[in-house]
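Analysis of the macromolecular model
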Amino acid sequence: MDRKLDELLFALMQNMTLAVSGEKLAKDLHVSHSTLARWVEKLRGAGIEIRGELFTGYRLVRLPDILLPQLIRPRLNTRIIGRNLYHFYDVDSTNSFASRLIAHGRNVAEGTTIIAETQTAGRGRLGRSWISQREAGIYFSIVLFPKAPPSLAPLFTLATAVAMHNAVERYSGLDIDIKWPNDLLVGQKKFCGILSEIQAEVDLVKMMIIGVGLNANHEHMPDEIAGRATSLRIASGHIQSRIEILLEFLEEFENIYMDFERKGPRSIIDQWTRFSSFANGRRIEIHDGVRKIAGVTRGLNALGALKIELKGGQIEEVYSGDVVSWE
Ligand code: BTN
């Protein structure tokens, strides 16, 4: 269904200045007049302003900022990441959709990317939810089949943070920080989070879904999170192009992912350490799900765990958790 809506929207976008007759659209899209009218209503329901009606012709009121595969595909210079795209106007969660695709035994190509304009049940790390305001954010998931043991899985999440760091800095010129393990910050506030989920055997990751939520054009953040969360628009004072950020990210991520397959984890660890102010010498407190660990950061180990020097001088390696306070 969403694929059909994409075709209709793309046809309207190509004729922005003139109204396109319903007759022609229905013929080009091989559907009846009533189906066409229903699709137009669905696009309107997704916030796209379309003037006109079946017999006078349809016209877009303004160019909508929609992450249409028809706009992404011709500009994407990757071999695997994003070559197979799904795009939704509404979905529960792009990560959940990716798991369903795999659970239903579909032949899912590596790098398949699922993008949504909004999510009704977006999920965050540690059981939290992820608010997914329509058109304001970028919400997507990538399916990977990394040839690696489960112990290396966290590295792919760090790689995602590095790729998004590079993509956003290059596109916006903003100064971006990475908070361990994979939150992206601008001006000390979070604007992007990553949720990775894996299915694994004891010695092999069978499948990994990396979900990314990025606040691009939110004008305000909800009161409950405004103290710690922001958007690129708030931080920069400008509207951001979601499609440019997504394209930069997909290409950057593919380079880092390919590098991992060729050379192993070193370059991910090195880049993460270079770009994160949390990597070394930072006094922090982490909650690892069971207890709080306080100390000074001393870099990452070879598996991506954060090394923390405790009060007595011993080093503790923390594999997962949340940085709850920092100086
Ligand atoms: C976090 O808690 O920081 C991680 C947030 C991850 C949100 C993204 S939005 C796209 C993908 N689908 C989801 O349901 N969650 C991730």
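All of these numbers come straight from a predicted model, not from anything done at the bench.

1. Focus: the site of the ligand
Lining the immediate surroundings of the ligand are 19 residues, of which Ser93, Gln119, Arg123, Arg125 and Lys190 lie closest. In this structure, an oxygen atom belonging to the ligand sits 2.7 Å away from a side-chain N or O atom of Ser93. Contacts to the ligand include Lys190, whose side-chain N or O atom sits 2.6 Å from an oxygen atom. Here the ligand loses 99% of its free accessible area of 420 Å² to cover by the protein chains. Looking at the shell around the ligand, the elements that each hand over two or more residues are α5 (94-103), β5 (137-144), β8 (189-200) and β9 (205-215). Top element by residues in the shell around the ligand is β8. It accounts for 4 residues. Here the shell around the ligand is composed, by residue class, of 5 nonpolar, 10 polar and 4 charged.

2. Focus: the pairing of strand β4 (residues 113-116)
Of the two faces of β4, the one lined by Thr113 and Ile115 and the one lined by Ile114 and Ala116 are each fully buried. Looking at chain direction, strand β3 (residues 85-88) and β4 are connected through 4 bridges and run parallel. Of the residues in β4, the one forming a bridge with Phe88 is Ala116. The parallel pair β3 and β4 is bridged by α5, and the resulting crossover is right-handed. Note: β4 against β5, 4 bridges, orientation antiparallel. Each residue of the ladder has a partner; that of Ile114, found in β5, is Ser141.

3. Focus: the sheet that holds strand β12 (residues 306-309)
The 5 strands lie next to each other as β13-β12-β11-β10-β14, forming an open sheet whose pairing is antiparallel. For this open sheet the edge positions go to β13 (315-318) and β14 (322-326), each flanked by a neighbour on one side alone. Between one strand and the next, the sheet's axes are offset by a mean angle of 50°, whatever the strand orientation. Here 4 bridges tie strand β10 (residues 280-287) to β14, and the two strands are oriented antiparallel to one another. Bridge pairing in β14 places His287 opposite Asp322.

4. Observations regarding the pattern of salt bridges
Scanning the model with the defined rule gives 23 salt bridges in all. Residue Arg291 pairs with Glu316 through a salt bridge whose shortest N-O separation is 2.4 Å. Of this pair, Arg291 sits in the loop between β10 and β11 (292-300) while Glu316 is found in strand β13, placing the two residues 25 residues apart along the sequence. With relative accessibility at 39%, the residue Arg291 sits in the partly exposed group. The salt bridge partner of Glu309 is Arg298, with a shortest N-O separation of 2.6 Å. Of this pair, Glu309 sits in strand β12 while Arg298 sits in strand β11; the two residues are 11 residues apart in sequence, bridging distant segments of the chain. Three or more residues are tied together by salt bridges with common partners; here these are Asp65, Glu117 and Arg242.

5. Quick look at the packing of aromatic side chains
Summed over all chains, the structure comprises 8 aromatic pairs. With a centroid separation of 4.7 Å and 65° between ring planes, the pair formed by Phe156 and Phe260 is classed as edge-to-face. Pair noted here: Phe156 is in helix α6 (residues 153-172) and Phe260 is in helix α8 (residues 242-263), with a separation of 104 residues, a long-range link. Assessed through its relative accessible area of 1%, Phe156 is described here as buried. Overall, Phe260 belongs to the buried group, its relative accessible area being 8%.

6. A few points about the nonpolar core
Among the nonpolar cores identified, the biggest contains 65 residues, and Phe140, Met164, Phe191, Leu214, Phe249 and Phe253 are the most heavily contacted of them. Per-element tally for this core: the top contributor is α6, with 11 residues. The residues touching Phe253, leaving out its near neighbours within four places in the chain, are Ile81, Ile142, Leu144, Phe156, Ala159, Thr160, Ala163 and Ile210.

7. A short note on the side chain of Thr297
Checked against the element boundaries, Thr297 lands in strand β11. For Thr297, the side chain forms a polar contact with the main-chain nitrogen of Asn280, separated by 3.4 Å.

8. Focus: helix α3 (residues 33-45)
Counted at 1.5 Å a residue, the expected span for α3 with its 13 residues is 18 Å, and the 18 Å between its end C-alpha atoms agrees. All of the buried residues along α3 are Thr35, Leu36, Trp39, Val40 and Leu43. All buried residues of α3 project into a common sector of 140° when viewed along the axis, lining one side. Exposed residues lying more than 90 degrees from the buried face of α3 are Ser34 and Gly45. If you follow the buried residues of α3, they end up packed against α1 (2-13), α2 (22-28), β1 (50-53) and β2 (57-60).

About the criteria used
Residues numbered from 1 in each chain as written. Predicted model: local features only at pLDDT ≥ 70, side-chain atom pairs only at ≥ 80, totals over all residues. Heavy atoms only, no water. Near = heavy atom within 4 Å. Polar contact = N/O pair within 3.5 Å; in protein donor to acceptor, adjacent residues only side chain to side chain. Areas by Shrake-Rupley, 256 points an atom, 1.4 Å probe, with all protein chains shown as cover. Helix = DSSP H or I, 4+ residues; strand = E, 2+ residues; numbered from the N terminus. Nonpolar A, V, L, I, M, F, W, Y, C, P; charged D, E, K, R; others polar. Buried < 20%, exposed > 50% of the residue type's maximum accessible area, 1.4 Å probe, protein only. Pairing = 2+ DSSP bridges. Right-handed = clockwise from strand over helix to strand, strands pointing away. Axes fitted to C-alpha atoms, helices over the stretch in contact; angles between N-to-C directions. Salt bridge = Lys/Arg side-chain N within 4 Å of Asp/Glu carboxyl O. Phe/Tyr/Trp six-rings, centres within 6.5 Å; stacked < 30°, edge-to-face > 60°. Core = buried A, V, L, I, M, F, W, Y, C linked by side-chain atoms within 4.5 Å. Contact = heavy atoms within 4.5 Å. Expected span 1.5 Å × (residues − 1). Arc of directions from axis to C-beta.

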